[in-house]
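Coordinate analysis (summary)
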Amino acid sequence: NFGAGLYYSNESFFAGLSVPYLMNNRLASPEELLTMAQEKRYYFLTVGQVFTLNAQVKVMPSALLRVQEGNATTAEVGANLILNDVLTVGASYRSEDALIGIVKIEVSQNISAGYSYDHTVSDIGAYSNGSHEFMLSYRIPYTKRCHTYF
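A brief report on the enclosed structure follows.

Rules behind the numbers
- Residues numbered from 1 in each chain as written.
- Predicted model: local features only at pLDDT ≥ 70, side-chain atom pairs only at ≥ 80, totals over all residues.
- Heavy atoms only, no water.
- Helix = DSSP H or I, 4+ residues; strand = E, 2+ residues; numbered from the N terminus.
- Buried < 20%, exposed > 50% of the residue type's maximum accessible area, 1.4 Å probe, protein only.
- Contact = heavy atoms within 4.5 Å.
- Areas by Shrake-Rupley, 256 points an atom, 1.4 Å probe, with all protein chains shown as cover.
- Salt bridge = Lys/Arg side-chain N within 4 Å of Asp/Glu carboxyl O.
- Polar contact = N/O pair within 3.5 Å; in protein donor to acceptor, adjacent residues only side chain to side chain.

**Some words on the overall build of the protein**
The number of helices and strands found in the protein is zero helices and twelve strands. Listed by position from the N terminus, the elements making up the protein come as β-β-β-β-β-β-β-β-β-β-β-β. Relative to its 150 residues, the protein shows a buried fraction of 19%. Considering only intrachain contacts with a sequence separation of at least 6, the fraction spanning at least 24 residues in the protein is 32%. When the accessible surface of the protein is totalled, it reaches about 10300 Å², and 61% of it is carbon and sulfur.

Take a look at the structure:
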């Protein structure tokens, strides 16, 4: 299978549209008569904007819409507070599913590290303690410095 997408960004805005799996696949177990599953195509649309409040503080609201054939549409809305272009602290809400907290630090011009926690608020929360995610990013040096907000 394969996917496709479009992404646009400038210094303070981003938008993207993607279809990670363009083909609908049928998955069958060896006991095909007992269990059968299908991968359904899904689409992502994302958008966000960085607003400068003052020289030290920026805020970046964003949204993500996920549509999957045959399933309910889900949305995620959130905002990040960016302090001195070094520390990012944010929160998001995924419709009927999770509350998300995130923290990220720019260790150097090319390295950043972060952590996020998804607290499940849906029915599956009775069986889950949420999820922890750790991030380490390295940006390859380039003569033109790229924005690092997204």
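**With respect to the pattern of salt bridges**
Evaluated as defined, the whole model comprises seven salt bridges. With a shortest N-O distance of 3.1 Å, Lys58 and Asp85 are connected by a salt bridge. One end of the pair, Lys58, is in strand β7 (residues 57-68); the other, Asp85, is in the loop between β8 (74-83) and β9 (87-94), with 27 residues separating them in the sequence. A salt bridge links Glu76 to Arg94; its shortest N-O distance comes to 3.2 Å. Linking Glu76 in strand β8 with Arg94 in strand β9, this pair joins segments that are 18 residues apart in sequence.

**Looking at the side chain of Asp118**
When you line up the elements, Asp118 lands in strand β11 (residues 111-120). A distance of 3.0 Å separates a polar atom in the side chain of Asp118 from a polar atom in the side chain of Arg94. Apart from residues no more than four positions distant in its own chain, Asp118 is found in contact with Arg94, Leu99, Ile100, Gly130, Ser131 and Glu133.

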